[in-house]
Amino acid sequence: MRGRFAPSPTGDLHPGNARTALLAWLQVRAAGGTFVMRVEDLDRGRVRPGLMEAQLLDLRWLGLDWDEGPDVGGPHAPYLQSQRQDRYEDALGRLGEKGHLFACGCSRKDIAAASSAPHAGDDEGPRYPGSCRDLSAGELRGRQHALRFRAPAKPVAFTDLVHGPVVYKPADETGDFVVRRKDGVASYQLAVVVDDSAMEITHVLRGADLLPSTARQILLYRALGLAEPAWLHVPLLLGPDGERLSKRHGSVALREIREAGAEPEALVGWLAATCGLAEPGEACTPHELIGRFSAGDLSRESTLLSAPGESSTGGNAPQEAFGTLPREGQSDE
Ligand code: GLU
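Residues numbered from 1 in each chain as written. Predicted model: local features only at pLDDT ≥ 70, side-chain atom pairs only at ≥ 80, totals over all residues. Heavy atoms only, no water.

### With respect to the overall build of the protein
Each helix and strand in the protein was counted, giving eleven helices and eleven strands. Counting the 333 residues in the protein, one finds 50% classified as buried. Taking the contacts inside the protein whose residues are at least 6 apart along the sequence as the reference set, 75% of them involve residues at least 24 apart. Counting every atom, the protein has about 14800 Å² of accessible surface; 50% of that belongs to carbon and sulfur. (Helix = DSSP H or I, 4+ residues; strand = E, 2+ residues; numbered from the N terminus. Buried < 20%, exposed > 50% of the residue type's maximum accessible area, 1.4 Å probe, protein only. Contact = heavy atoms within 4.5 Å. Areas by Shrake-Rupley, 256 points an atom, 1.4 Å probe, with all protein chains shown as cover.)

Spelled out as structure tokens, the structure:
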């Protein structure tokens, strides 16, 4: 088994990221496999200097380790996506030769204006209405363009090891999706497929918010003739209102928790308790959890954190688990 964690150094890691990293690590360690750390730093406009180092430090502080990665090397180096553009270009060339791609000069604004479809609910924005699908190369001459993958009309069915059989319709949800951005940089969808395949990842464990992305990635695996990994989409950690965890919920960055002098075992125990791997209030190391992990027992439901003050009734509010956090860490954004 080969698994990975693939953080983007565009912001601090939060407890939700830490829980996904812990689960990915546990799955690999429980099977005696190889754990890979890959840094997804393609979005140059959002990558901030020093964040990769801080994220890796956070993960090591938690007690996680990796067998291959940017700081330890390995047979599939480089482990920074910004250094792998030639691999993405090669894959784009192969997709282009097979007729899967077309050039698109639309801006986000054009697409929003032309599209009456609702937001697809993930990173891709509104459904692409196909404006440039049938343009000849000449019609785009001189205009900066992205490359899009022609999404076939047929639904994509696959089995997720947590969610069971699922079906998505990329053609209806996002439409033809970007594989190379206007600035020439490979998109997440393309880079993740090229890298997971090149790094021989057998099990992709990540947050359930990426399930619809997986359908698009499967289209790329098929078009490139690559073998698909097994998929495990684990539940997200959400605030009491069902929204993504943020400072509003008393959730702070891992870096702040670490710098405030919290014990990593307290955080690991708390994270493990939120997915049933530890008792509430138990402190433990990732290693101590290896024997308790079973992919088949992972819940499909998002974990809702309780509001502060509900701990006496079995709640799991982070405020109570980390009484040592600085006050400003618990204020509104
Ligand atoms: N860099 C992506 C993220 O941080 C990784 C997604 C994935 O695991 O494929 O969301």
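### Regarding the site of the ligand
The local shell around the ligand consists of Arg4, Ala6, Ser8, Glu40, Tyr188, Val192, Arg206 and Leu210. Between the ligand and alanine 6 there is a distance of 2.8 Å, counted from a nitrogen atom to a backbone nitrogen or oxygen. Glutamate 40 is positioned with one of its side-chain polar atoms (N or O) 2.6 Å from a nitrogen atom of the ligand. Protein contacts shield 74% of the accessible area of the ligand, which totals 290 Å² for the unbound molecule. (Near = heavy atom within 4 Å. Polar contact = N/O pair within 3.5 Å; in protein donor to acceptor, adjacent residues only side chain to side chain.)

### Some details on the nonpolar core
Membership of the largest hydrophobic core comes to 44 residues, with the highest contact counts inside it found for Leu26, Phe35, Leu59, Leu62, Leu267 and Leu289. Every element with two or more residues in this core is listed here: α1 (15–30), β2 (34–37), α2 (51–62), β9 (230–234), α8 (254–259) and α9 (264–274). At eight residues, the largest contribution of residues to this core is made by α1. Those residues in contact with leucine 62, other than ones at most four positions away along the chain, are Ala18, Leu254, Pro264, Leu267, Val268 and Pro286. Counting residues in hydrophobic clusters, the runner-up holds 35 residues, among them Ala91, Leu95, Phe149 and Val185. (Core = buried A, V, L, I, M, F, W, Y, C linked by side-chain atoms within 4.5 Å.)

### Some points on the state of the cysteines
Summed over the entire model, instances satisfying the criterion amount to zero disulfides. Of all cysteine sulfurs, the one in cysteine 106 lies closest to cysteine 104, which takes part in no disulfide; the gap is 3.8 Å. Judged by its relative accessible area of 1%, cysteine 104 is buried. (Disulfide = S-S within 2.5 Å.)

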